[in-house]
Amino acid sequence: MRLIKSLFLIGTISILCLFSFVFVGADEGGYRIEDYNFEGTYHKNNTVTCEETIKVQFTESRHGIYRTMPLFMEAKRDVGNGKKEVFKYQNEVKDVNVENWNYTTDIEDNYYDIRIGDKHEYVDGSQTYKISYTYVMPDDRVKTGDLIFYSVLGADWNVDIEHFAFNMKFEEALTDEEVDNFKVYSGAFGAEGNSLDVQCDIRNDEVSGETTGIAPRQAITLYCPVHEGYFVGAKTISKTIPMALLIATIVLAVFILLYELLKRQKKAVQTVEFYPPEGMSSAEVGVIIDEMVDDVDLISLIPWWGEKGYLVIEEVPDKKGRGGEHASLRLHKKKDLPIDAPAYQKELFNGLFATNPRDLKDLPRSFSDVFGAAKSSLGNVFKGEKQLSTGKFKAGCLLFLMCAAWFGAVGTSSVISIKENIIFGAVSAIAMFILGVMRLLTHGQDTVRTKGKWIAYIIIGLLLFGVAAGSMFIGTSDGQTFFNWPLYLVILCGMLIVSVLIGRLVVPTEYKLDKLGKLLGLKEFIKTAEIEKLNMLIEEDPEYFFNVLPYAMVFGLSDHWSKQFKALKIKPPSWYICYDMMYFNTFYFHSMLWMGMQQPIQHLRTEAMVQAAASAASSGFSGGGGGGGGGGSW
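Residues numbered from 1 in each chain as written. Predicted model: local features only at pLDDT ≥ 70, side-chain atom pairs only at ≥ 80, totals over all residues. Heavy atoms only, no water.

## So, the overall build of the protein chain
Heads up, the condition is: Working definition: helices are DSSP H or I runs of at least four residues, strands are E runs of at least two. Numbering for both runs from the N terminus. When a residue's accessible area, from a 1.4 Å probe over protein chains only, is under 20% of the maximum for its type it is buried; when over 50% it is exposed; and in between it is partly exposed. Methods summary: accessible areas were calculated by the Shrake-Rupley approach with a probe of 1.4 Å, and residue burial reflects only the protein chains presented.
A count of helices and strands for the protein chain gives 17 helices and 24 strands. For the protein chain, the residues scored as buried account for 47% of the 634 residues in total. Within the structure as shown, the protein chain displays about 31000 Å² of accessible surface, and the carbon and sulfur contribution to it stands at 58%.

## Brief notes about the environment of Gly 444
Put simply, the rule is: In what follows, a contact means two residues having at least one pair of non-hydrogen atoms within 4.5 Å.
Take Gly 444: it is sitting in the loop between helix 10 (418-442) and helix 11 (451-476). Along the backbone, Gly 444 and Val 507 are 63 residues apart, and their C-alpha atoms lie at a distance of 10.0 Å. Among all residues touching Gly 444, those that are not within four sequence positions of it are Ile 289, Asp 290, Glu 291 and Lys 512.

## Some points on the packing of helix 3 (residues 240-262) against helix 9 (residues 392-411)
Threshold: Axis lines are fitted through C-alpha atoms, for helices just across the contact stretch, and the angle between N-to-C directions can take any value from 0 to 180 degrees. Note on angle classes: values under 35 degrees are labelled roughly parallel, values over 145 roughly antiparallel, values of 65 to 115 roughly perpendicular, and the remainder oblique. Throughout, a crossing is termed right-handed when the near helix is turned clockwise from the far one, and left-handed when it is turned anticlockwise from it by less than a right angle. Residues were grouped as follows: Ala, Val, Leu, Ile, Met, Phe, Trp, Tyr, Cys and Pro as nonpolar; Asp, Glu, Lys and Arg as charged; and all remaining residues, including Gly, as polar.
At a minimum axis separation of 8 Å, helix 3 and helix 9 run at an interaxial angle of 150 degrees. Considered as vectors, helix 3 and helix 9 are oriented roughly antiparallel to each other. As for the relative orientation of helix 3 and helix 9, their crossing is left-handed in sense. On helix 9, the residues touching Pro 242, Leu 245, Leu 246, Ala 248, Thr 249, Leu 252, Ala 253, Phe 255, Ile 256 and Tyr 259 of helix 3 are Lys 394, Leu 398, Leu 399, Leu 401, Met 402, Ala 405, Trp 406, Gly 408 and Ala 409. Classifying every residue of the contact of helix 3 with helix 9 by side-chain character gives 16 nonpolar, 2 polar and 1 charged.

## Structural notes on the pairing of strand 12 (residues 161-170)
So the rule is basically this: A pair of strands counts as paired when DSSP detects no fewer than two bridges linking them.
Most of strand 12 sits out of view: 7 of its 10 residues are buried. Sheet analysis places strand 1 (residues 31-42) next to strand 12, joined by 8 bridges and oriented parallel. Counterpart to Ile 33 in the pairing with strand 12 is Ile 161.

## Description of the sheet that holds strand 2 (residues 47-62)
Read from one edge to the other, the open sheet built from 7 strands follows the order 6-9-2-1-12-15-14, with strand pairing classed as mixed. Pairing within the sheet leaves two strands with one partner each, and these edge strands are strand 6 (92-98) and strand 14 (199-202). For this sheet the average axis-to-axis angle between neighbouring strands, irrespective of direction, equals 15 degrees. Bridge analysis of strand 6 against strand 9 (residues 123-136) gives 5 bridges, and the strand direction is antiparallel. Residue pairing across strands places Lys 94 opposite Thr 134, the latter belonging to strand 9.

## Things to note about the sheet that holds strand 13 (residues 183-187)
By definition, the strands of a sheet pair up through backbone hydrogen bonds, in either a parallel or an antiparallel sense. Reading across the sheet, the 4 strands line up as 13-16-10-23 and stay open at both edges, with mixed pairing between neighbours. Because the sheet does not close on itself, it has two edges, and the strands there are strand 13 and strand 23 (626-627).

## Some details on the packing of helix 13 (residues 510-528) against helix 15 (residues 544-555)
Helix 15 packs onto helix 13 with a crossing angle of 105 degrees between their chain directions and a minimal axis gap of 11 Å. The orientation of helix 13 with respect to helix 15, classified from their angle, is roughly perpendicular. Touching Leu 519, Leu 522, Lys 523, Phe 525 and Ile 526 of helix 13 are Tyr 544, Val 548, Tyr 551, Ala 552 and Phe 555, all from helix 15. Per-class residue counts for the contact of helix 13 with helix 15 are 9 nonpolar, no polar and 1 charged.

## Examining the packing of aromatic side chains
Put simply, the test is: In this scheme Phe, Tyr and Trp rings, the latter by its six-membered ring, pair at centre separations within 6.5 Å, and the angle between planes marks the pair as stacked below 30 degrees, edge-to-face above 60, and tilted otherwise. Geometrically, a lysine NZ or arginine CZ counts as sitting over a ring once it is within 6 Å of the ring centre and also within 35 degrees of the ring normal.
According to the stated counting rule, one finds 29 aromatic pairs in the structure shown. A cation sits over an aromatic face here: Arg 115 above Trp 634, 5.2 Å from the ring centre.

## Description of a nonpolar patch on the surface
Going by this rule: Residues forming no salt bridge and having over 30% relative accessible area are the ones grouped into patches, like charges within 9 Å of each other and nonpolar side chains (Val, Leu, Ile, Met, Phe, Trp, Tyr) within 5 Å. Whenever Lys or Arg places a side-chain nitrogen within 4 Å of a carboxyl oxygen from Asp or Glu, that contact is recorded as a salt bridge.
Together, Ile 250, Val 254, Leu 258, Leu 261 and Leu 262 give the surface a local cluster of nonpolar side chains, amounting to about 480 Å² of exposed area. Here Ile 250 shows up in helix 3.

## Comments concerning helix 13
The line we're drawing: Given a helix with a known number of residues, its expected span is that number minus one, times 1.5 Å. Here the bend at each residue means the angle between axes fitted to two seven-residue stretches, the one ending at that residue and the one beginning there.
If you check helix 13, its first and last C-alpha atoms are 27 Å apart, about what 19 residues at 1.5 Å a residue would give, namely 27 Å. A bend of about 25 degrees at Leu 516 is the largest found in helix 13. On the buried face of helix 13, the contacting elements are helix 4 (282-290), strand 21 (507-508), helix 14 (531-540), helix 15 and helix 16 (558-564).

## Some points on the nonpolar core
Under the convention used in this document: Remark: nonpolar core denotes a set of buried residues (Ala, Val, Leu, Ile, Met, Phe, Trp, Tyr, Cys) joined through side-chain atoms within 4.5 Å.
Ranked by size, the top nonpolar core spans 69 residues in total, and within it Trp 305, Leu 352, Phe 555 and Trp 561 carry the most contacts. When residues in this core are grouped by element, the largest group, 10 residues, is from helix 15. Filtering out sequence-adjacent residues up to four positions away, Trp 305 remains in contact with Tyr 310, Leu 311, Leu 337, Gln 345, Leu 348, Phe 349 and Leu 352. Membership of the second largest hydrophobic core comes to 59 residues, among which are Leu 153, Trp 157, Phe 164 and Tyr 230.

## A short note on helix 9
One turn of the α-helix equals 3.6 residues, which is why residues spaced by three or four share an orientation. The end-to-end C-alpha separation of helix 9 is 28 Å, in line with the 28 Å expected for 20 residues at 1.5 Å each. Within the sequence span of helix 9, burial applies to Ala 395, Gly 396, Leu 398, Leu 399, Met 402, Cys 403, Ala 405, Trp 406, Gly 408, Ala 409, Val 410 and Gly 411.

## Remarks on the pattern of salt bridges
On inspection of all chains with the given rule, the structure shows 19 salt bridges. Residue Glu 291 pairs with Lys 392 through a salt bridge whose shortest N-O separation is 4.0 Å. Residue Glu 291 is located in the loop between helix 4 and helix 5 (295-299), and its partner Lys 392 is located in helix 9; the two are separated by 101 residues in the primary sequence. A salt bridge links Arg 330 to Glu 314; its shortest N-O distance comes to 3.9 Å. Residue Arg 330 is found in strand 18 (residues 328-333), and its partner Glu 314 is found in strand 17 (residues 311-316); the two are separated by 16 residues along the sequence.

## Some details on the side chain of Thr 68
Looking at the element boundaries, Thr 68 is found in strand 3 (residues 65-70). Residue Thr 68 is classed as buried on the basis of its relative accessible area of 14%. In contact with Thr 68, not counting residues within four places along its chain, are Tyr 111, Tyr 112, Asp 113, Gly 628, Gly 629, Gly 630 and Gly 631.

## Focus on the pairing of strand 10 (residues 146-153)
Here strand 10 lies mainly inside the structure; 8 of its 8 residues are buried. Bridge analysis of strand 10 against strand 16 (residues 219-226) gives 7 bridges, and the strand direction is antiparallel. Considered in strand 16, the bridge of Ser 151 is made with Thr 221. Note: strand 10 against strand 23, 2 bridges, orientation parallel. Within strand 23, the residue paired with Ser 151 across the bridge is Gly 627.

## Digging into the confidence of the model for the protein chain
What counts is decided by this rule: In predicted models, pLDDT denotes the confidence assigned by the predictor to each residue on a 0 to 100 scale.
Scored by pLDDT, the protein chain comes out at a mean of 84, with 86% of its residues at no less than 70. Within the protein chain, the element-level pLDDT minimum falls on helix 1 (residues 2-25), averaging 42, and the maximum on strand 12, averaging 96. Taken as a whole, residues 1-27 scores under 50 in pLDDT and shows 20 contacts with residues more than four places along the chain or in a different chain.

## Concerning unusual backbone geometry
Geometrically, the link from Asn 356 to Pro 357 is a cis peptide bond, its omega value of 5 degrees lying close to zero. As for its position among the elements, Pro 357 is in the loop between helix 7 (343-352) and strand 19 (358-359). You will see that Asp 95, though not glycine, has its phi angle at about 55 degrees, which is positive. Within the fold, Asp 95 resides in strand 6.

## Thoughts on the environment of Glu 99
Here Glu 99 shows up in the loop between strand 6 and strand 7 (103-108). Glu 99 sits 32 residues away from Ile 131 along the chain, and the two C-alpha atoms are 6.6 Å apart.

Here's what the structure looks like:
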């Protein structure tokens with residue numbers, strides 16, 4: 001995982017370097033640095049007060065120069081027992097001043113930028129810039145010793161520097177042993193030698209040096225391990241906020257989990273049913289059974305209307321005269337729907353019969369909008385007195401609060417870059433929130449969920465948990481957070497359980513319980529009916545198979561229902577014109593009906609969604625340590 005993260009960071013840095021070359025390199029030339037002098041004091045609280053005097057010779061008119069400093073650093077530290085670890089730090093620049101010049105400051109991409117000059121004025125010839133600031137480095141979090149690690153010259157200057165000199169005073173004097181171990185590294189970023197041949201004078205209370213002829217992208221860095229306690233009062237990052245938010249996450253997770261487990265769920269009393277419910281269309285049954293408006297709910301209305309005498313379905317052979325799997329379906333309107341028919345039925349019926357007859361294989365693209373509007377209207381049926389459940393909003397709010405607290409805890413738990421931890425926290429929080437929302441939206445399917453749907457749901461849940469856990473492992477694997485990986489994993493597991501069980505907080509209404517018991521009874525009969533009972537029902541009602549078929553469709557059992565009657569002699573219904581009566585049986589009828597209705601409508605819906613999505617898409621070495629950076633002209 002560390003290798004993956006390293007490759008990712010290397011790739012990111014490479015891309016940033018490429019853009020840096022394009023944009024920064026574009027203004028190379030037009031000036032040179034004749035003299036660069038750095039004066040600084042290294043304080044006991046691990047801050048450096050700096051004064052830089054930069055003498056520039058402009059060969060072309062420019063507004064001025066800019067000075068950039070990184071707000072991050074890395075250092076390999078000895079943590080004891082012969083082990084070394086790379087620690088990351090987030091730094092700060094403050095108390096900035098530029099003598100006798102206008103200037104602006106900004107922070108972008110973890111760099112502090114000082115832009116000197118006036119955008120309405122140009123300068124040329126020799127100019128001198130005196131910049132003062134304080135560079136703040138935090139507590140090193142290492143108990144085996146402290147470290148002086150600071151670049152007096154950064155590796156980001158894009159022109160030659162003819163002469164450079166520096167002097168760094170130490171508020172706390174170095175011991176003789178520390179002076180002996182003091183190193184001045186110079187050269188390209190990462191160099192561990194003194195390739196710039198910096199001439200140094202190292203004393204207990206200060207170090208100074210100078211060199212000439214510095215090429216672009218070269219750095220000079222001071223490096224010296226010092227005794228533990230050398231720095232006193234260094235900036236520290238409080239863990240109060242992330243700890244409070246982490247505790248809030250745990251408390252919310254435990255509260256929701258107990259609420260879920262102790263919640264008494266009312267269950268429908270299943271009755272024995274052989275016939276569809278009176279006065280309720282197959283589409284409405286489809287919504288009640290799983291609290292979702294599916295495409296099949298509306299598609300089932302076509303044979304339901306046929307049974308009611310509103311339309312006739314005709315098999316149409318292809319151009320070569322072939323029927324069966326090559327045929328398509330044509331709808332003929334026999335009469336209009338009643339005036340008091342529900343809005344969703346009128347919208348779909350009138351949309352289908354904008355032309356009469358209607359070939360389903362030739363539906364226009366605009367029909368997708370009609371279908372979508374009908375689905376919305378069908379969902380609106382179950383409001384007010386017909387509301388199916390309560391508690392979704394409250395459960396969603398609790399889920400959101402838990403995930404938000406987790407996001408805040410992770411986002412503020414970094415001792416280095418808040419940006420990285422915000423990303424990791426967001427990924428894991430969103431993954432758990434999506435999982436919980438999926439359960440809230442699909443909770444109604446629990447009573448009718450098939451084994452295959454459960455497997456698919458479990459796979460999706462594990463994938464989302466894997467994304468969340470993986471992001472947290474990457475974010476904590478380098479030890480730069482207040483909390484460690486095992487603690488994060490335990491809390492994530494708890495959030496996973498909460499998200500999976502969140503549907504238990506949704507309570508079915510009395511209306512749904514009353515209807516659901518009868519519908520589950522009919523569904524159970526469709527699954528388990530014996531041939532003798534079916535024969536008896538057909539003798540009582542020759543249209544029995546066709547009456548129940550639309551309801552079997554919304555139960556997801558139409559294929560099973562048609563196979564149950566395959567061996568029985570069933571005549572085609574009066575509303576179905578079969579291409580070849582010799583091959584008619586219930587299984588053939590269902591296959592033709594399902595293929596002829598579902599495929600063209602769902603293909604059209606999928607095509608519309610793809611088109612909408614496409615429209616929306618058309619979003620210890622030289623140069624290390626604190627300080628450093630570089631600049632250019634503008």
